[in-house]
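Structural features, examined
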Amino acid sequence: MSKRIAILTGGGDCPGLNAVIRGVVKAATGRGWEVIGIEDGFDGFLHPEKCRPLGIEEVRGILPRGGTILGTTNRGNPFSFPIMREGKLETVDVSDEVISRIDHLGLAGLVVVGGDGSLKIALELMRRGVPIVGVPKTIDNDLLETDVTFGYNTAVETATDALDKLHSTAESHHRVMVLEVMGRYAGWIALESGMAGGADVILIPEIPYDIEKVYAAITARCKRGRRFSVVVVAEGALPKGGGRVVKEAAGGRSVVERLGGVGEAFSNELKGFLEMDIRVTVLGHLQRGGSPSTFDRCLGSRFGVKAVELIETGAFGQMACLKGRHITSVAIEDAVRSLNLIDPAGELVRHAEALGIMLGR
Ligand code: F6P
């Protein structure tokens, strides 16, 4: 039977979003269904011109492209929608309007491609009767119930490439090179790129660091004749007894607090102990852009197909996920229960330490 479904991408963008969109369109049109693309996340429902048909022509050639052809926003929560009133940021509930637009479109299913924030919104809308299936997206890899999120692999590749480049200049100048990478609460990008890029020190939010121990590790390397060190710091890393470095507090122009600057803060702290030259590089949004890796193109495409299968079988409230080598699904509710953080006593950390990497403790 012919159906009309819709897809939106929410939250921060990441490589592989277009692969998901293409996967959904191919799988749906192959069944004779119609697909509506909603622009700029949930906000798109508030503007009829932002709900446009997506056919095979619209997704042609998008597989290698970074970003999302639908646009996205990390400010668009219909239950707490930000508006500026007299120069101040306020939030209003526009969920009734969003739900009535969804009803008006006559959707048999809505695919929400998002991270923790967007999937929590999806869950609320589900409870209000909207038939939703989820696809896990985030470069931070901090969603539960999937072995990995798409976008993460490409981001780790970008960070590893940066580390390879920093390594040679660190060695030539006998310097400490600090690379600040993304990862608000979870240090996956820092830990895996650091392992792949041969970092000497990796600081992650899950293990508050002891600056004196970091200093001792770098000096011990010098004594062994290794007159340079490469340090990877996740943006959410924090010193023992200290707090995260916040660039912009929540409530101004930003709905959530913006992190950033820990690389500089850490290097200033280290300068108090160390005589070596230190330089800081902030990788920033380079990690979110660019062409998706082979892994992310395949994963995103398969997630897209799975989302359509979930709608076909009426499995609403489920999120496509990867378990081992299989694409299956789990309840969205379980995926957003808490964040997927690195276990400080887990295997990955143990292996990193066995490789001689200093994790700040
Ligand atoms: O997608 C998650 C993330 O990459 C975080 O690691 C980072 O804190 C955040 O996005 C930055 O988002 P933006 O600058 O787009 O608000």
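Residues numbered from 1 in each chain as written. Predicted model: local features only at pLDDT ≥ 70, side-chain atom pairs only at ≥ 80, totals over all residues. Heavy atoms only, no water.

Comments concerning the overall build of the protein
Scanning the protein from N- to C-terminus turns up 11 helices and 15 strands. By the compact-globule yardstick of 21 Å for 361 residues, the protein fits well, its C-alpha radius of gyration being 22 Å. Here the contacts in the protein between residues at least 6 apart in sequence split such that 72% fall between residues at least 24 apart. (Helix = DSSP H or I, 4+ residues; strand = E, 2+ residues; numbered from the N terminus. Rg over C-alpha atoms; globule rule 2.2 N^0.38 Å. Contact = heavy atoms within 4.5 Å.)

Concerning the packing of helix 1 (residues 17-30) against helix 9 (residues 294-312)
For the pair helix 1 and helix 9, interaxial distance at closest approach is 7 Å and the crossing angle is 40°. In this view, helix 1 runs oblique relative to helix 9, as classed from their interaxial angle. Note that helix 1 runs across helix 9; the crossing there is right-handed. Of helix 9, the residues touching helix 1 (which contributes Ala 19, Val 20, Arg 22, Gly 23, Val 24, Ala 27 and Ala 28) are Asp 296, Arg 297, Gly 300, Ser 301, Gly 304, Val 305, Ala 307 and Val 308. Of the residues contributing to the contact of helix 1 with helix 9, the split by class is eight nonpolar, four polar and three charged. (Axes fitted to C-alpha atoms, helices over the stretch in contact; angles between N-to-C directions. Parallel < 35°, antiparallel > 145°, perpendicular 65-115°, else oblique. Left-handed = near helix turned anticlockwise from the far one by under 90°. Nonpolar A, V, L, I, M, F, W, Y, C, P; charged D, E, K, R; others polar.)

Concerning the site of the ligand
Taken together, the neighbourhood of the ligand is formed by Asn 74, Ile 139, Asp 140, Met 182, Gly 183, Arg 184, Glu 235, His 285 and Arg 288. Interatomic distance of 2.8 Å between a side-chain N/O atom of Asp 140 and an oxygen atom of the ligand. Between an oxygen atom of the ligand and a side-chain N or O atom of Arg 288, the distance comes to 2.9 Å. Protein burial of the ligand: of its 400 Å² of free accessible surface, 80% is covered by the chains. Per-class residue counts for the shell around the ligand are two nonpolar, three polar and four charged. Counting contributing residues per domain, the shell around the ligand is built from domain 1 (4-150 + 292-335) and domain 2 (155-289), each supplying no fewer than three. (Near = heavy atom within 4 Å. Polar contact = N/O pair within 3.5 Å; in protein donor to acceptor, adjacent residues only side chain to side chain. Areas by Shrake-Rupley, 256 points an atom, 1.4 Å probe, with all protein chains shown as cover. Domains from an automatic or database assignment.)

Side note on the side chain of Thr 9
Locating Thr 9 in the fold gives a position in strand 1 (residues 4-9). Looking at Thr 9, its side chain comes within polar contact range of the side chain of Thr 68, at 3.0 Å. Looking at Thr 9, its side chain comes within polar contact range of the main-chain oxygen of Gly 71, at 2.9 Å. Sequence-distant contacts of Thr 9, defined by excluding residues within four places in its chain, comprise Leu 17, Ile 21, Asp 40, Gly 41, Thr 68, Leu 70, Gly 71, Thr 72 and Val 113.

Digging into the domain arrangement of the protein
Taken domain by domain, the protein consists of domain 1 (4-150 + 292-335) and domain 2 (155-289). Taken over C-alpha atoms, the centre of domain 1 sits 32 Å from the centre of domain 2. Between domain 1 and domain 2, the residue contacts involve 11 residues of the former and 15 residues of the latter. Of the roughly 1,100 Å² buried at the junction of domain 1 and domain 2 (both faces included), carbon and sulfur atoms supply 56%. For domain 1, the biggest contributors to the area lost against domain 2 are Leu 89, Ile 139 and Asp 140; these three give 44% of the whole. Where domain 1 packs against domain 2, one counts one salt bridge. Arg 288 is paired through a salt bridge with Asp 13; the nearest N and O atoms lie 2.9 Å apart. Applying the counting rule to domain 1 against domain 2 returns two residue pairs in polar contact (both at pLDDT 80 or more). (Buried area = accessible area lost by both parts, 1.4 Å probe. Salt bridge = Lys/Arg side-chain N within 4 Å of Asp/Glu carboxyl O.)

A closer look at the nonpolar core
In terms of nonpolar packing, the biggest core is built from 64 residues, with Ile 7, Val 111 and Phe 150 touching the most fellow members. With eight residues, the single largest contributor to this core is helix 5 (residues 152-173). Shared between two domains, this core takes at least three residues from each, and those domains are domain 1 (4-150 + 292-335) and domain 2 (155-289). Excluding residues that lie within four positions of it along the chain, Val 111 makes contacts with Ala 6, Ile 7, Leu 8, Val 24, Val 133, Val 135, Ala 307 and Ile 311. Formed by 31 residues, the second largest nonpolar core is a distinct cluster that contains Ile 102, Leu 110, Val 112 and Leu 123. (Core = buried A, V, L, I, M, F, W, Y, C linked by side-chain atoms within 4.5 Å. Buried < 20%, exposed > 50% of the residue type's maximum accessible area, 1.4 Å probe, protein only.)

Description of the sheet that holds strand 8 (residues 176-181)
Read across the sheet, four strands follow the order 9-10-8-13 without closing on themselves; strand pairing throughout is parallel. Unpaired on one side and paired on the other, strand 9 (201-203) and strand 13 (278-282) mark the two borders of the sheet. Strand-to-strand twist in this sheet, taken as the mean axis angle between neighbours without regard to direction, amounts to 15°. (Pairing = 2+ DSSP bridges.)

Here we look at the packing of aromatic side chains
Inspection of every chain in the model, using the stated rule, returns three aromatic pairs. Taken together, a centroid distance of 5.5 Å and an interplanar angle of 85° make the contact between Tyr 209 and Phe 266 edge-to-face. Here Phe 266 lies in helix 8 (residues 262-271) and Tyr 209 lies in the loop between strand 9 and helix 7 (211-223), a separation of 57 residues in the sequence. Judged by relative accessible area, which is 2%, Tyr 209 ranks as buried. With relative accessibility at 0%, the residue Phe 266 sits in the buried group. Here the guanidinium or amino end of Arg 221 rests over the ring plane of Phe 228, the centre of that ring lying 5.0 Å away. (Phe/Tyr/Trp six-rings, centres within 6.5 Å; stacked < 30°, edge-to-face > 60°. Lys NZ or Arg CZ within 6 Å of the ring centre and 35° of its normal.)

Details of the pairing of strand 6 (residues 109-114)
Most of strand 6 sits out of view: six of its six residues are buried. Two elements, strand 1 and strand 6, share five bridges in a ladder whose sense is parallel. Looking at the pairing, Ala 6 lines up with Leu 110 of strand 6. Pairing between strand 6 and strand 7 (residues 132-136): five bridges, direction parallel. Paired with Val 113 across the strands is Val 135, a residue of strand 7.

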